[in-house]
Amino acid sequence: MLPAIPQTDLRAEYLELNGEIDGAMRRVLDRSRFILGEDVKQFENAFASYLGAGHAIGVASGTDALFLALRAFDIGPGDEVITVSHTAVATIAAIMQTGAKPVLVDVDPGTFTLAPDRLPAVLSSRTKAIVPVHLYGQPADMVSILAFARQHNLRVIEDCAQAHGAACRADPVSPWQKVGTLGDAAAFSFYPTKNLGAFGDGGCVVTKDAALAEQVRLLRQYGWRNRYISEVPGWNSRLDEIQAAVLGVKLNALDRWNEARRKTAEVYDQNFAGSVVGVTTRRRDVMHVFHQYVIRVKNRDRLREALAQAGVGTAIHYPVPVHQQPAYRSLGTGADLQITEALCTEILSLPMSAHIETKTARRVAAEVLRAVAEIG
Ligand SMILES: *Cc1c(COP(=O)(O)O)cnc(C)c1O
């Protein structure tokens, strides 16, 4: 029996960098300053400069980053925020936490990201913002989304939780622009499995707007500019020093790891070309970072079972759209989400990480094609 292939491989990331990571963590322990110290500041600066973003503010999670960015724009009860249902529940949970109402639109059938042509139908006098999700590491159609937002005076807060280092460009001669710098603000997650992952929870808000950055800084720690004096009603949502130290080391590997993910995706793409295995549209104006490699097939559950038996780990992102989950059913009322609803029964995430060898990717693709031929 050949060795099993995991869907994701966090241990390989650690093993590649363990000396540096251990050293960075030990320095934090030696200093014994654990909250909002040197490493957080250093990582915030490094990440902002990596993105070309101006400001990065470390917070406790990606969910909090979305919530605090929305709060910093003063979005709350009575407001509406447009986003997708084909996403991690966190996107919707963060909007709900502000008191605003998430308004769900369908995704594009080619890219599985927010369909800009659905925006006019859900616009209302209460609409304040759009939260596009760069799902699976592929940038949403930001040119169209931003044009619509500017026309109607809406904020755009990018959900970059799956897209660290992904980029877009207006045309083939323009320079790449990283996601997180396209909208008015952006939220990143450093949950361990993300392309840039900590050893626990973490996240950050990114923005070019200095005043907004200052507002997020206040909100993440009780509204304090000076200790013990709350200027605004804030919250506690801080990235800690240990996580920042780990992230600082891993950031140096991010581009290389994203390149490795793209290489694996290319092997899959080549093998699936001309087969019945569906893949998302590969847009030429985006730099995809393949947080996940997702295929679309008719008999998804049987394929998943067959792959499990062949030792190939898979996952489903996500099995139930947010508006069909018990907590959020009311958000589906009157919404046209047919593509989202059809997708969730057909998608399957194949093994994807920065440490998959070419021969392993070939084996996965071969197992998929073999099983699909058998199952139909
Ligand atoms: C992971 C994720 C989040 C939430 O991030 P956490 O750090 O887990 O809170 C939000 N949106 C998307 C699309 C995600 O994948």
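Whatever comes next refers back to the structure up there.
Residues numbered from 1 in each chain as written. Predicted model: local features only at pLDDT ≥ 70, side-chain atom pairs only at ≥ 80, totals over all residues. Heavy atoms only, no water.

### Regarding the site of the ligand
Of all residues adjacent to the ligand, which total 15 residues, the nearest are Gly62, Thr63, Asp159, Ser189 and Lys194. Interatomic distance of 2.8 Å between a side-chain N/O atom of Asp159 and a nitrogen atom of the ligand. In the environment of the ligand, an oxygen atom lies 2.8 Å from a nitrogen or oxygen atom belonging to the side chain of Gln162. Elements that contribute at least two residues to the shell around the ligand include exactly α3 (62-72) and α4 (89-98). Residue classes in the shell around the ligand are distributed as 5 nonpolar, 8 polar and 2 charged. (Near = heavy atom within 4 Å. Polar contact = N/O pair within 3.5 Å; in protein donor to acceptor, adjacent residues only side chain to side chain. Helix = DSSP H or I, 4+ residues; strand = E, 2+ residues; numbered from the N terminus. Nonpolar A, V, L, I, M, F, W, Y, C, P; charged D, E, K, R; others polar.)

### Notes on the sheet that holds strand β7 (residues 177-178)
If you trace the 3 strands from one edge of the open sheet to the other, you get β7-β6-β13, paired in antiparallel fashion. For this open sheet the edge positions go to β7 and β13 (286-287), each flanked by a neighbour on one side alone. (Pairing = 2+ DSSP bridges.)

### Some details on the packing of aromatic side chains
Scanning all chains against the criterion turns up 13 aromatic pairs. Aromatic side chains Phe47 and Tyr50 sit 6.3 Å apart centroid to centroid with 10° between the ring planes, which places their arrangement in the stacked category. With Phe47 and Tyr50 both in helix α2 (residues 38-51), this residue pair falls 3 residues apart, about one helical turn. Per residue, the accessibility class of Phe47 equals that of Tyr50, and both read buried. Each member of the aromatic cluster is reached from another via a ring pair, and the members are Phe43, Phe47, Tyr50, Phe188 and Phe190. Stacked on the ring of Tyr50, the Lys or Arg Lys178 has its end atom at 4.3 Å from the ring centre. (Phe/Tyr/Trp six-rings, centres within 6.5 Å; stacked < 30°, edge-to-face > 60°. Buried < 20%, exposed > 50% of the residue type's maximum accessible area, 1.4 Å probe, protein only. Lys NZ or Arg CZ within 6 Å of the ring centre and 35° of its normal.)

### A word on unusual backbone geometry
Between His317 and Tyr318 the backbone carries a cis peptide bond, its omega angle lying at 10°. Residue position: Tyr318 is located in the loop between α10 (300-309) and α11 (338-343). Its identity as a non-glycine residue notwithstanding, Leu36 has a phi of 45°, on the positive side. Along the polypeptide, Leu36 turns up in the loop between α1 (10-31) and α2. Residue Leu36 is classed as buried on the basis of its relative accessible area, which comes to 17%. Of note, Phe112 is a non-glycine position whose phi angle comes to about 65°, a positive value. Assignment of secondary structure puts Phe112 in the loop between β3 (101-105) and α5 (119-122).

### Thoughts on the state of the cysteines
The bond known as a disulfide is covalent and runs between the sulfur atoms of two cysteines. One pass over the full model with this rule turns up 0 disulfides. Of the cysteine sulfurs around Cys160, a residue in no disulfide, the closest is that of Cys204, at 9.0 Å. For Cys160, a relative accessible area of 0% translates into the label buried. The thiol of Cys168 is unpaired, and the distance to the nearest cysteine sulfur, on Cys160, comes to 9.5 Å. You can call Cys168 buried: its relative accessible area is 11%. (Disulfide = S-S within 2.5 Å.)

### Some thoughts on a nonpolar patch on the surface
On the surface, Leu29, Phe34 and Ile35 cluster together into a nonpolar patch covering about 250 Å² of accessible area. Summarising the element assignment, Leu29 is placed in helix α1. Leu29 gets classed as partly exposed once you look at its relative accessible area, which sits at 46%. (Patch = residues over 30% accessible without salt bridge, like charges linked within 9 Å, V, L, I, M, F, W, Y side chains within 5 Å. Areas by Shrake-Rupley, 256 points an atom, 1.4 Å probe, with all protein chains shown as cover. Salt bridge = Lys/Arg side-chain N within 4 Å of Asp/Glu carboxyl O.)

### A word on the nonpolar core
Counting residues in each nonpolar core, the largest one holds 76 residues, and the members touching the most others are Phe47, Ile295, Leu303, Leu350 and Val368. Ranked by the residues each element gives to this core, the list is headed by helix α12 (residues 358-375), at 7 residues. Non-local contacts of Leu303, meaning those with residues more than four positions away in its chain, are made with Ile295, Val297, Leu348, Val368, Ala371, Val372 and Ile375. Ala100, Ala129, Val205 and Val216 belong to the second largest nonpolar core, which has 25 residues in total. (Core = buried A, V, L, I, M, F, W, Y, C linked by side-chain atoms within 4.5 Å. Contact = heavy atoms within 4.5 Å.)

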